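Chain residues, written in single-letter form:
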Amino acid sequence: MASQIGDTRAAVRNRAPIYEALSPWLSPGTRVLEIGSGQGVHARYITERRPDIAWQMSETSAGMAALCDRLSREPITTQPAPITLDVRQAWPAGQYTMIFGANIAHIMPMTGVRALFHHGAAVLEAGGHLCLYGPFFDTRQTAGAGNQRFDAALRARDPAMGLRTRQTLDALAGAAGLVPAACQIMPRDNRLLIWSKR
Ligand SMILES: C[S@@+](CC[C@H](N)C(=O)[O-])C[C@H]1O[C@@H](n2cnc3c(N)ncnc32)[C@H](O)[C@@H]1O
C-alpha cells in the first residue's frame with residue numbers, strides 16, 4: 001500500500017524496487033520532472049545511482065517546507081533545487097523525457113489527476129514517458145483486500161482521495177496523446193504504470 005503524507009517509511013521501503021523497475025526507461029541524459037517529491041527519497045536514491053540523468057523535484061506550496069527542511073539537512077547537490085508545482089496550476093516551460101510520480105494519483109483529487117495527464121503530456125517530448133507508481137484498481141480484476149482497505153480509509157479521510165482505476169487513467173492518457181507502454185507488478189500490490197507520448 002502507499003505511503004501517507006509526510007511519512008517516508010513507505011518511500012524508503014519501495015525506493016529500490018522503483019529504481020529497478022524504472023531503470024530500463026532511464027537512458028543517459030533523461031530529464032525527469034518528479035511530481036509530489038515528498039521528502040526527496042526517490043530523487044535521492046535514483047540520482048545517486050544514475051548521475052547521468054537530470055531530476056527536477058517538485059512539490060506543492062503546502063509540501064515545500066518539509067521537502068526543503070529535509071534537503072537542508074541532507075542536500076542533493078547534483079540536482080537543481082525543487083520547484084513549486086501544483087499540477088492544476090502553471091507548469092514549467094521546459095520539455096522533459098519523463099514525468100514521474102510515486103503515490104500521488106490517489107492523494108490528489110480527480111481534477112489534479114486530469115491536470116497531471118493534460119499538462120504532463122504537454123511538457124513531455126515525443127517518445128517521452130509518464131510514469132506513475134502506487135496502488136491502483138483494475139476493473140478487470142478483483143482488488144486485493146489491502147488496497148480495498150486503503151481506498152476506504154482514504155475516502156473516509158477525504159472523499160476526493162481514493163485509488164484510481166487503470167482504465168480511467170488510460171482514458172485520460174489517451175485523450176492527452178499518450179499510449180499505454182507498461183504495467184509492472186510491484187511489491188505489496190502496487191504497480192508501475194507507464195504511458196508513452198507518440
Ligand atoms: C503520499 S505523498 C507521496 C510523496 C512521495 N512521492 C513519496 O512517494 O514518498 C503524496 C504527494 O502528492 C502531492 N500532491 C497532492 N496533490 C498535488 C497536486 N495537486 N499537485 C502536485 N502534487 C500534489 C503531495 O504534495 C505529496 O507530495
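We now turn to the structure provided with this report. Since the model is a prediction, treat every value here as computed from it, not as a measurement.

### Details of the sheet that holds strand 8 (residues 190-197)
Each strand in a sheet pairs with its neighbour through backbone hydrogen bonds, running either in the same direction (parallel) or in the opposite one (antiparallel). Spatial ordering of the open sheet is given by 2-1-5-6-8-7, a layout of six strands whose pairing is mixed. In this open sheet, the two edge strands, each paired with only one partner strand, are strand 2 (54-56) and strand 7 (178-186). Taken pair by pair, the neighbouring strands of this sheet meet at an average axis angle of 20 degrees, ignoring direction. Pairing geometry for strand 1 (residues 31-35) and strand 2, over three bridges, is parallel. The residue of strand 2 that forms the bridge with Val32 is Trp55. Helix 4 (residues 110-123) contacts strand 1, strand 5 (96-102), strand 6 (124-134), strand 7 and strand 8 of the sheet and is inclined by roughly 140 degrees relative to strand 6.

### Describing the site of the ligand
Gly36, Glu59, Asp86, Val87 and Ala102 are the nearest of the 17 residues found near the ligand. Between a nitrogen atom of the ligand and a main-chain N or O atom of Gly36, the distance comes to 2.7 Å. A distance of 2.3 Å separates an oxygen atom of the ligand from a polar atom in the side chain of Glu59. In the complex, 91% of the free accessible area of the ligand, which totals 590 Å², lies under the protein chains. Broken down by class, the residue content of the shell around the ligand amounts to eight nonpolar, six polar and three charged.

### Some details on the pairing of strand 5
Across the seven residues of strand 5, seven count as buried, placing the element largely inside the fold. Across four bridges, strand 1 lies against strand 5 in parallel orientation. Across the sheet, residue Ile35 finds its bridge partner in strand 5, namely Gly101. As defined by bridge partners, strand 5 adjoins strand 6 across six bridges and the pair is classed as parallel. When the sheet's bridge partners are listed, Ala102 is paired in strand 6 with Tyr133. Following the backbone out of strand 5, through helix 4 and into the adjacent parallel strand 6, one traces a crossover that is right-handed.

### Considerations on helix 4
The end-to-end C-alpha separation of helix 4 is 20 Å, in line with the 20 Å expected for 14 residues at 1.5 Å each. Of all the residues in helix 4, the buried ones are Gly112, Val113, Ala115, Leu116, Phe117, Gly120, Ala121 and Val123. Among the structural elements, strand 1, strand 5, strand 6, helix 6 (166-175), strand 7 and strand 8 are those in contact with the buried residues of helix 4.

### Comments concerning the pattern of salt bridges
Enumeration according to the criterion identifies eleven salt bridges in this entry. Put simply, Asp138 and Arg166 hold a salt bridge, and the shortest N to O gap is 3.3 Å. Note that Asp138 is positioned in the loop between strand 6 and helix 5 (145-157) and Arg166 in helix 6, a separation of 28 residues in sequence. Of the two residues, Asp138 and Arg166, both sit in the buried class. Two residues, Arg155 and Asp151, come together in a salt bridge whose shortest N-O distance is 2.9 Å. Linking Arg155 with Asp151, this pair stays in helix 5, spanning four residues, or about one helical turn.

Cut-off values and rules
Residues numbered from 1 in each chain as written. Predicted model: local features only at pLDDT ≥ 70, side-chain atom pairs only at ≥ 80, totals over all residues. Heavy atoms only, no water. Pairing = 2+ DSSP bridges. Helix = DSSP H or I, 4+ residues; strand = E, 2+ residues; numbered from the N terminus. Axes fitted to C-alpha atoms, helices over the stretch in contact; angles between N-to-C directions. Contact = heavy atoms within 4.5 Å. Near = heavy atom within 4 Å. Polar contact = N/O pair within 3.5 Å; in protein donor to acceptor, adjacent residues only side chain to side chain. Areas by Shrake-Rupley, 256 points an atom, 1.4 Å probe, with all protein chains shown as cover. Nonpolar A, V, L, I, M, F, W, Y, C, P; charged D, E, K, R; others polar. Buried < 20%, exposed > 50% of the residue type's maximum accessible area, 1.4 Å probe, protein only. Right-handed = clockwise from strand over helix to strand, strands pointing away. Expected span 1.5 Å × (residues − 1). Salt bridge = Lys/Arg side-chain N within 4 Å of Asp/Glu carboxyl O.

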